[in-house]
Every structure is written in C-alpha cells, then in structure tokens.
Amino acid sequence: MTDRKTLLDLRAMAILLVLCASWGLQQVAVKLASVGISPFFQAGIRSLGATLLLLIWVWWRRIPIRQRDGSLGWGVLAGLLFGGEFLLIFWGLEFTNASRAVIFLYLSPFVVAIGAHYFVEGERLRWIQVVGLVAAFAGILLAFGESFTLPSRKMLIGDSMLVVAAILWGSTTVVIKASVLHTLAPSKTLLYQLGVSAILLLTVSWAVGEPGVVKVSPLILGSLLFQTVWVAFVTFLVWFWMVRHYPAGRLSAFTFLTPLFGVLAGHLILDEPLSLLLSVALLFVGAGIYLVNRPERGGVELPVPPVVAEERE
C-alpha cells in the first residue's frame, strides 16, 4: 500500500528545497556544458547515462521491474511527454531568450494543479490555492519580467514551444498520479521516462545533424556528470518518490523556487547580474507556496464537471 499524505511535512519541504536548488543549478550546468556539447545530444546523453545508473540501482536493490502490471503504455506515454518537454525547451531557446522561457515554462504548476483537480482522486483544488499559484507566478514575473517586451515573430515561435513544454511537463506529473504509474516503485516510473526520452532525444540529435561533442574539458565533463548523476538520477528519483506520496499540486507549487535558485546560481558562478526585484519575487513565491500548502479550513473548492464527478464515483 502507498503511504499517501494530504499535506507536506517538514521533511518534504526540506527535500523540495534541495531539489529546487539542484534544478536551478542545473541551468548553469547546461550553459557550461553547451560550450562543448550540442544541446539535444547533451540532454540525450544525460538521460542515457541516468538510465544506466538506474538499472544498476534496480539490480543492486533487487527491485522487480519486469512484472506485467499494465504500466507499459502509460510508461511510454510519460516518457514521450518527458522527452518532448526537454526537446521543446532546448529547441525553443534557439528562438527566444532564457528569461522569457522561464516565465512560460513555469505555467506548468497550473497544469498540474488543474489536471490533478479533475483527474486525481483526493486532490481537489481550492480557490485559496489558485490565489497562491497566481502569487507565486507573479513572483516569477517580477524576477524575470524585465525582459518580457513585445515579441518578434521569431520570439513568438520560441514562446509557443515553451508553453507546450510547460503543458508537457505538467501533464507528465498528472499522468503519473492519475494512472497505474503512481502504484509502481519510483525507480520503475523514472526508468520509463529516462529510457524513452534518451531514445527520443538522441534520435532527434542525429536527425538534425548535431555535431555532438566538439570540445572536452574538466568543467564540461563535470557539468555533464552533475546533470547525469545528481539531477537526472538522484533528484528525479527522489521527486517521483515524492509524487507517489504527496499531493501533486502542493509539490508543484514549490517548483516556482527553481528559477530563482537558478538566478542566484548564475550570479554566484557565472557572475550574471542580480536583479533588485529578486527579494520581492521571493516574498511573492513564498507567500504563494504557503497559500497552496495551507491546511484546509473549509475553503471553497473549484467545481468539477458532472462527467468527471461521476467517473470518480
């Protein structure tokens, strides 16, 4: 039986802070590695390397993954969504700038919250949580909105890709929570996503004629190892354990901290400028996370269409 919790405890919050900081630092690692490794190839190698590590983990822990449990179709779907998300992020950044990309990409928690409300039993969305999500998103706008000018036609293409990437990201979490995948060991769920995404990303890299590795240095290799071992293997495995045990909407609200950690990492490591609005943005994000995770006190829930309500029954 899965030990499902309705609220985030202190342990979960501490873990989420580490995860968000790691994912924020990943943005810097991608930039550092991109000097010598093509983007799609970099993402594909990361997924492939993490897949191999995960297979070793499964063998060492003797976790059963070959049994027929009806998860294959759902697992492939989750893997395609997962791989498609990274494909569109890397591709979209060829057309738009990183600050605009962050704003559109962090529409994802709204997708998770709304999707979980309609398709995951016991994760009804209250209006106060909607206010919290909007407050957290306002923090992202404050931190990155200075580059949010009227777009060119080229930028609109990239922006559209990032919006679709956000939908895919959120949909991946919803698919896991609403399907048989949420009953599996987190390692098997992650194996589906890493394996399928590795095939997808490396195939696209080959199809578009990327050069692959063009330069090797300790910094580039270290950045790739950090992405592969820590981010794609360790943090994703922990994240899917969290998704299995905690409400998806409450977890996703914390991910608004990721780009802010990315800004801090960029300032400390790459000497990128630090906006004065960052402290105000952190207040908005913190307030939003609090509202999303505040214990229920009889708040008004969003309505559920009759058809969905009947299916739940």
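Since this is a predicted model, take the numbers as computed values, not measurements.

The rules behind the values
Residues numbered from 1 in each chain as written. Predicted model: local features only at pLDDT ≥ 70, side-chain atom pairs only at ≥ 80, totals over all residues. Heavy atoms only, no water. Helix = DSSP H or I, 4+ residues; strand = E, 2+ residues; numbered from the N terminus. Polar contact = N/O pair within 3.5 Å; in protein donor to acceptor, adjacent residues only side chain to side chain. Contact = heavy atoms within 4.5 Å. pLDDT = per-residue confidence, 0-100. Buried < 20%, exposed > 50% of the residue type's maximum accessible area, 1.4 Å probe, protein only. Core = buried A, V, L, I, M, F, W, Y, C linked by side-chain atoms within 4.5 Å. Phe/Tyr/Trp six-rings, centres within 6.5 Å; stacked < 30°, edge-to-face > 60°. Axes fitted to C-alpha atoms, helices over the stretch in contact; angles between N-to-C directions. Parallel < 35°, antiparallel > 145°, perpendicular 65-115°, else oblique. Left-handed = near helix turned anticlockwise from the far one by under 90°. Nonpolar A, V, L, I, M, F, W, Y, C, P; charged D, E, K, R; others polar.

1. Side note on the environment of arginine 126
Argument step 1. Within the element layout of this structure, arginine 126 appears in the loop between helix 5 (108–119) and helix 6 (127–144).
Argument step 2. Note: C-alpha distance between arginine 126 and alanine 113 (13 residues apart in sequence) is 9.9 Å.

2. So, the side chain of lysine 188
Argument step 1. Relative to the helices and strands, lysine 188 is located in helix 8 (residues 186–207).
Argument step 2. Side-chain polar atoms of lysine 188 contact the backbone oxygen of isoleucine 65, separated by 3.0 Å.
Argument step 3. What lysine 188 contacts, discounting residues up to four positions off in sequence, is Ile65, Gln67, Asp69 and Ser71.

3. Quick word on the confidence of the model for the chain
Argument step 1. On average, the chain scores 83 in pLDDT, and the residues at 70 or more come to 88%.
Argument step 2. Throughout residues 306–313 the model reports pLDDT below 50, and contacts reaching past four residues in sequence, or to other chains, amount to nine contacts.

4. Quick notes on unusual backbone geometry
Argument step 1. Look at arginine 62: it is not a glycine, yet its phi comes out positive at around 55°.
Argument step 2. The residue arginine 62 is located in the loop between helix 2 (39–61) and helix 3 (72–92) in this model.
Argument step 3. The class of arginine 62 is exposed, set by a relative accessible area of 75%.

5. Quick notes on the side chain of serine 179
Argument step 1. For serine 179, the location among the structural elements is in the loop between helix 7 (153–178) and helix 8.
Argument step 2. A residue is classified by how much of its surface remains accessible, and serine 179, at 5% relative accessible area, is buried.
Argument step 3. In this structure the side chain of serine 179 is engaged in a polar contact, spanning 2.6 Å, whose partner is the backbone oxygen of valine 175.

6. With respect to the nonpolar core
Argument step 1. Leu16, Leu105, Phe144, Phe236, Trp239, Leu251 and Phe256 are the most contacted members of the largest nonpolar core, which has 71 residues in total.
Argument step 2. It is helix 9 (residues 218–245) that provides the largest number of residues to this core, a total of nine residues.
Argument step 3. Residue contacts for leucine 16: discarding those within four places in its chain leaves Leu8, Trp239, Met242, Leu251 and Phe254.

7. Describing the packing of aromatic side chains
Argument step 1. For the structure on display, the rule yields eleven aromatic pairs.
Argument step 2. Geometrically, the ring pair formed by tryptophan 57 and tryptophan 60 is tilted, given 5.9 Å between the ring centres and 55° between the ring planes. Taken as a pair, tryptophan 57 and tryptophan 60 lie in helix 2 at a separation of three residues, close to a single helical turn.
Argument step 3. Assessed through its relative accessible area of 28%, tryptophan 57 is described here as partly exposed.
Argument step 4. The class of tryptophan 60 is exposed, set by a relative accessible area of 58%.
Argument step 5. Ring centres 5.8 Å apart and planes at 85° place the aromatic pair phenylalanine 110 and phenylalanine 137 in the edge-to-face group. Of this pair, phenylalanine 110 sits in helix 5 while phenylalanine 137 sits in helix 6, and the two are 27 residues apart along the sequence.
Argument step 6. Grouped by ring-pair contacts, the aromatic residues Trp23, Phe82, Phe86, Phe236 and Trp239 constitute a single cluster.

8. Comments concerning the packing of helix 3 against helix 8
Argument step 1. Helix 8 packs onto helix 3 with a crossing angle of 45° between their chain directions and a minimal axis gap of 7 Å. Looking at the two axes, helix 3 sits oblique to helix 8. The element helix 3 and its partner helix 8 pack so that their crossing is right-handed. Contacts from Leu72, Gly75, Val76, Ala78, Gly79, Leu80, Phe82, Gly83, Gly84 and Leu87 in helix 3 reach Tyr192, Gln193, Leu194, Val196, Ser197, Leu200, Leu201 and Val204 in helix 8.
Argument step 2. Considering only residue class, the contact of helix 3 with helix 8 consists of twelve nonpolar, six polar and no charged.

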